[in-house]
Amino acid sequence: MPDSMTIRETLFAGGELVRANGDDALTVRNPFDRSVLGRAPACGRADVDRAVRAARAAFDDGPWPRLPPGERGDWIDRLADEIERNAAHSAALVTDEIGQPATVAGYMNGIRPVQHLRYYARLARTLSGEEERVNVDREGSSLHLRRPLGVAALIVPWNHPQSSTTLKLGPALAAGCVVVIKPAPESPLDIFSLADAARAIGLPPGVINIVTGGAETGRALVSHPGVDKVAFTGSTAAGRDIASVAGARLIPATLELGGKSAAILLDDADLDVVVGSLRTASFGNTGQNCVALSRILVPESRYPRVVDALVDLARDLRMGDPKDPRTEVGPLVSERALARVTEMVGAAAAAGAAVHTRETPAPTGGCFFTPRVITGAAPDSPIAQEEIFGPAVTVHPYRDLDEGVRIANATGYGLAGAVYGADEERALAVARRVHTGSIGVNGYRPDLGSPFGGVKDSGLGREFGPDAIENYRESTSVFR
Ligand code: NAD
């Protein structure tokens, strides 16, 4: 076995790396050259049980939920310092696991996770678990207690593995919860940086636990009676399954799911601004962002020019080795993803859509899919309705603004979006009409301070901001 392979044979439970039961393993392949990068356990029920029991003990009998929130903030800061020390390594490992371009990985899986943790460390210091409420029915006041919910299962996808985790871990730890993390089977290696950091700072055992595996491991976790809360980011299909299990168990679930977000160009939109923004907002991370602006809605009068500009953009994107800092479009995450995206775009072409692409072929040897601009697909056709999760956009003309907004809203999803126009007030007025969890004006740049999440099939609940801490607390009133 080559030295460069990362072989994990353990889960992380009760502060220790412990050998997984059984021999089931995930094989991790680098999608750039299809080489085997490493292995991690496909944890079964016994492993999940071990991790949940460790978390349960930490919550029921350990110090964590009983610490003053400010002390938890100090621990979270120490964790952030340790993660930061290892950030370049974690980001590089993510690039190898999923083919994520190095610049994206350096930010989303190096810098951002540290920022998330530091933000929630800061909020922890201002957190109060008790509030006097003036009574309405009689004189006096009642006491409102907010207490940590317990053991939280954090189930995350592969596309930004470190930052999807810290967006949950930060508020969960601040609230006083303990966690069992399950990364995606495509990226089960980088997450162990958290185990290393927890051990390095001497975090109380069982506060952070990690099990690796696929959907079966996730199901075992959600259905475990020791789990009190689920925070999930991933596809809508998996979200529905998790919500049904959580529903049957009557435990709360926060669900951050897929999207099919629209970019609405107004007649006065500056095309340079639009193209500059869509370069990353549509094609960034090789189109594998939940918030990707994958439907471009354009006034009829500007349609031919905008299509030309988008086709030029798709041809101009630099495709190649994700380790190269100049690379904008890397391989898709896996063979399976490549087959799915190829099939979706092929079906659109077979149904009569025009697929514009570059003449130069994609690099060979990896799971590459050349960026595509698709025109002539009906707004209600599968390619314009289903999440592609690859570097392909559909472009649709609209006659008037009412039709533009109607097309934007005519999808099952509602995660992100953007409106582009020179008159910002007018663009904002259009943004208000879009049924979505978040939307940008002249770009799409989420901010950690304001809630992020989806409506309709894009999810339930919100992350980001101080609000996220309430995802991990329950409320008890003491009436007096
Ligand atoms: P996925 O749903 O296949 O898997 C996500 C995670 O859930 C993985 O850890 C997986 O093993 C686990 N899982 C799958 N089925 C499960 C089940 N039935 N029970 C318990 N766990 C289960 O998604 P993915 O392919 O890893 O990620 C891509 C998807 O994630 C896209 O749809 C994307 O839009 C979405 N996403 C959403 C956001 C957001 O914030 N809304 C952010 C990133 C990604």
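One can find the structure itself at the top, above this paragraph.
A brief report on the enclosed structure follows. This is a predicted model, so every value here is computed, not measured.

A few words on the layout of surface pockets. Taken as a whole, the second largest pocket holds about 220 Å³ of empty space. Lining the second largest pocket are 14 residues, with T27, R29, E186, V333 and S334 sitting closest to its centre. Those elements that provide at least two residues to the lining of the second largest pocket are β4 (25–29) and α11 (335–350). Counting residues per element, the lining of the second largest pocket draws most heavily on β4, at three residues. The residue makeup of the lining of the second largest pocket, split by class, is five nonpolar, three polar and six charged.

A few words now on the pattern of salt bridges. Evaluation of the coordinates by the stated rule reveals 31 salt bridges. Of the charged contacts in the structure, one is a salt bridge between R133 and E131, with a shortest N-O distance of 3.2 Å. Take R133: its relative accessible area is 41%, and that puts it in the partly exposed class. Look at E131 and you get partly exposed, because its relative accessible area is 31%. Between K168 and E463 there is a salt bridge; the shortest N-O distance is 2.8 Å. Linking K168 in helix α5 (residues 161–175) with E463 in the loop between β20 (459–460) and β21 (473–478), this pair joins segments that are 295 residues apart in sequence. Here K168 matches E463 in class, with each residue buried. One salt-bridge network, in which partners are shared between bridges, spans E131, R133, R146, E470 and R473.

What follows covers the pairing of strand β9 (residues 178–182). On a regular strand, each side chain points to the face opposite its neighbour's, so the side chains alternate between the two faces of the sheet. The element β9 is largely enclosed, with a buried count of five among its five residues. Going residue by residue along β9, you find V178, V180 and K182 tucked away on one face and V179 and I181 tucked away on the opposite face as well. As defined by bridge partners, strand β8 (residues 151–155) adjoins β9 across five bridges and the pair is classed as parallel. If you follow V151 over to β9, its bridge partner there is V178. Since β8 and β9 lie parallel, the crossover through α5 that links them has a hand, and here it is right-handed. Relative to strand β10 (residues 208–210), β9 is paired through three bridges, and the arrangement is parallel. Its bridge partner lying in β10, V179 is registered against I208.

Right, let's get into helix α8 (residues 236–249). With 14 residues, α8 extends 20 Å between its outermost C-alpha atoms, agreeing within 8% with the 20 Å of an ideal straight helix rising 1.5 Å per residue. Turning to α8, its buried residues are T236, G239, I242 and A246. Buried residues along α8 cover an arc of 115° about the axis, so they all sit on one side. Those residues of α8 that are exposed and angled more than 90 degrees off the buried face are A237, R240 and A248. Contacts from the buried residues of α8 go to β8, α7 (215–222), β11 (229–233) and β12 (253–256). Just downstream of α8, L250 is the residue with a positive phi angle, here 55°.

What follows deals with the packing of helix α1 (residues 45–60) against α7. The N-to-C vectors of α1 and α7 enclose an angle of 45°; their axes lie 9 Å apart at closest approach. Classified by the interaxial angle, the pair formed by α1 and α7 is oblique. The handedness of the crossing between α1 and α7 comes out as right-handed. Residues R45, V48 and V52 of α1 pack against T217, A220 and L221 of α7. Its residues placed into classes, the contact of α1 with α7 shows four nonpolar, one polar and one charged.

Close contacts around the ligand come from 28 residues, with V156, S235, D241, L257 and E387 the closest. Take W158: an N or O atom from its side chain is 2.9 Å from an oxygen atom of the ligand. Take E387: an N or O atom from its side chain is 2.6 Å from an oxygen atom of the ligand. Put simply, the parts of the chain that give the shell around the ligand at least two residues each are α7, β11 and α8. Among the residues forming the shell around the ligand, the class breakdown is 16 nonpolar, seven polar and five charged. The two domains that each donate at least three residues to the shell around the ligand are domain 1 (6–257 + 458–478) and domain 2 (261–447).

The rules behind each value
Residues numbered from 1 in each chain as written. Predicted model: local features only at pLDDT ≥ 70, side-chain atom pairs only at ≥ 80, totals over all residues. Heavy atoms only, no water. 1 Å grid on protein atoms, 1.4 Å probe; cavity = no way out; pocket = protein on both sides within 12 Å on 5 of 7 lines; lining within 4 Å. Points joined across faces, edges and corners; volume = space filled by probe spheres on them. Helix = DSSP H or I, 4+ residues; strand = E, 2+ residues; numbered from the N terminus. Nonpolar A, V, L, I, M, F, W, Y, C, P; charged D, E, K, R; others polar. Salt bridge = Lys/Arg side-chain N within 4 Å of Asp/Glu carboxyl O. Buried < 20%, exposed > 50% of the residue type's maximum accessible area, 1.4 Å probe, protein only. Pairing = 2+ DSSP bridges. Right-handed = clockwise from strand over helix to strand, strands pointing away. Expected span 1.5 Å × (residues − 1). Arc of directions from axis to C-beta. Contact = heavy atoms within 4.5 Å. Axes fitted to C-alpha atoms, helices over the stretch in contact; angles between N-to-C directions. Parallel < 35°, antiparallel > 145°, perpendicular 65-115°, else oblique. Left-handed = near helix turned anticlockwise from the far one by under 90°. Near = heavy atom within 4 Å. Polar contact = N/O pair within 3.5 Å; in protein donor to acceptor, adjacent residues only side chain to side chain. Domains from an automatic or database assignment.

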